[in-house]
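# Topology and contacts: notes
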Amino acid sequence: MLKSHKAVAAGAACVLAGAALYGAGAAGAGQSTANSTREPYNIGLLVKDIDTYYGTTTDAAGVYQASPDSPYAKDLAKIDAAAKSYIDKAAREDHRRGKKPAVVFDIDDTLLLSLDYEKRYNYTYNATTWNDYVDRADRPAVFGSPELVRYAASKGVEVFYNSGLSESQRAGAVENLKKVGADVNLDTAHMFLKDKANPPAYLSDCATPATWTCTTVQYKSGTRGHIEHDLGYDIIANFGDQYSDLDGGNADRTYKLPNPTYFVS
């Protein structure tokens, strides 16, 4: 998530000083902004709907977990099944044509589930608490995602990661991905994180060592462009929980994973 411009949209928010932080209207599928022309959905009801969708429970340690038989898990299973079928066919076609197939995964709420953080901090974002949470490296996997990573690799597809996490959070992300079984290509050549102090040359249109102005779409699509045009891969599939993970091209097919707790433009 650092998803540095994290904004609550399809999620709930807490109330401070008598005012709701949640904006006017919830962002639905395909929306880039919330709807401000009508009364927003009731926060209390929205929290209940989110918990029902995830099948939210707490484990023995008091950590919020999603249920493996929840609507959320069932939606993910459908996406994973379709993705595996497509990856198999697309990889074989690329290999036949002498191309180098690749897949790209976002990390937060695409591979690692942040439900416990969202619940614990009332669907708000704080850089310090989020950094501590990432560094603990104990998030559970998004159901089916580590298996999908390994499946792609088994088909001779190069796996890359394209995340809004910062370079300083690399160690925690790598450790966590290893723990959940997504232990494929977790090196600096395959895992792209935000490095605002030393941005790569392929982002020069929006990032220099002195100034970072890249939007999420610019950063992520620019990174995919680097993978395709500079490294010579054909990105057959791109996976993310936000539309901003997927917009901007440089991928043959995109897969939007469900995330009703926050929205990143």
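The residue numbers shown here count from 1 along each chain, following its written sequence. It should be noted that, the model being predicted, local features are given only for residues of pLDDT at least 70 and side-chain atom pairs only at 80 or more, the latter also being counted only at that level, while totals for whole chains, interfaces and linings use all residues. Hydrogens and water are ignored here; the side-chain numbers use all heavy atoms of the structure.

### A few points about the pairing of strand 7 (residues 158-166)
Within strand 7, 7 of the 9 residues are buried, leaving the element largely enclosed by the surrounding structure. One bridge is not enough; two strands pair if DSSP finds at least two bridges between them. Under the scheme used here, helices are H or I runs from DSSP no shorter than 4 residues and strands are E runs no shorter than 2 residues, and both carry numbers assigned from the N terminus. Sheet topology note: the strand 6 (residues 101-105)/strand 7 ladder contains 4 bridges and is parallel. Bridging from a neighbouring strand, Phe105 pairs with Tyr161 of strand 7. When strand 7 meets strand 8 (residues 191-194), the two strands line up parallel, connected through 3 bridges. Note on strand 8: the bridge partner recorded for Asn162 is Phe192. The buried label applies to any residue whose accessible area, calculated with a 1.4 Å probe on protein chains only, is under 20% of its type's maximum; exposed applies above 50%, and partly exposed to all values in between.

### What about the nonpolar core?
Think of a nonpolar core as a cluster: buried Ala, Val, Leu, Ile, Met, Phe, Trp, Tyr and Cys residues, connected wherever their side-chain atoms sit within 4.5 Å. Judged by nonpolar contacts, the single largest core of 46 residues is most densely connected at Ile87, Val103, Phe105, Ile107, Tyr161 and Phe239. Residue contributions to this core peak at 8 residues, all from helix 2 (residues 71-96). Only heavy atoms enter the contact rule, under which two residues are in contact if any of them lie within 4.5 Å. When sequence neighbours within four positions are dropped, the list of residues in contact with Phe105 reads Thr110, Leu111, Leu148, Val149, Val159, Phe160, Tyr161, Asn162 and Phe239. With 7 residues, the next largest nonpolar core counts Ala102, Ile227, Tyr233 and Ile235 among its residues.

### Side note on the environment of Glu228
Along the chain, Glu228 falls in helix 7 (residues 216-230). The exposure class of Glu228 is buried, given its relative accessible area of 16%. Separated by 127 residues in the primary sequence, Glu228 and Pro101 have C-alpha atoms spaced 9.6 Å apart. The residues contacting Glu228, other than those within four sequence positions of it, are Tyr233, Asp234, Ile235, Asn250 and Ala251.

### Section: the side chain of Thr110
Position of Thr110 among the secondary structure elements: in the loop between strand 6 and helix 3 (115-120). In this structure Thr110 comes out as buried when scored by relative accessible area, which is 0%. Distance and chemistry together define a polar contact, namely a pair of N or O atoms within 3.5 Å, with one atom able to donate a hydrogen and the other to accept it when in protein, and with adjacent residues in sequence counting only for side-chain atoms on both sides. Reaching out from Thr110, the side chain makes a polar contact with the side chain of Asp106 at a distance of 2.9 Å. Sequence-distant contacts of Thr110, that is, excluding residues within four places in its chain, are made with Phe105, Val142, Ser145, Phe239, Gly240, Asp241 and Leu257.

### Digging into the pattern of salt bridges
It is possible for side chains bearing opposite charge to pair when their charged atoms get close. Salt-bridge detection follows one rule: a side-chain nitrogen of Lys or Arg within 4 Å of a carboxyl oxygen of Asp or Glu. Summed over all chains, the structure comprises 12 salt bridges. Put simply, Glu175 and Lys179 hold a salt bridge, and the shortest N to O gap is 3.6 Å. Linking Glu175 with Lys179, this pair stays in helix 6 (residues 170-180), spanning 4 residues, or about one helical turn. Taking relative accessible area as the criterion, Glu175 reaches 40% and is therefore assigned partly exposed.

### Some remarks on the confidence of the model for the protein chain
Per-residue pLDDT for the protein chain averages 90, and the proportion of residues at 70 or more is 86%. Known as pLDDT, the predictor's confidence for each residue is given on a scale from 0 to 100. Here strand 3 (residues 19-20) is the element of the protein chain with the lowest mean pLDDT, 28, and strand 6 is the one with the highest, 99. Counted against residues more than four places away or in other chains, residues 1-29, with its pLDDT under 50, gives 92 contacts.

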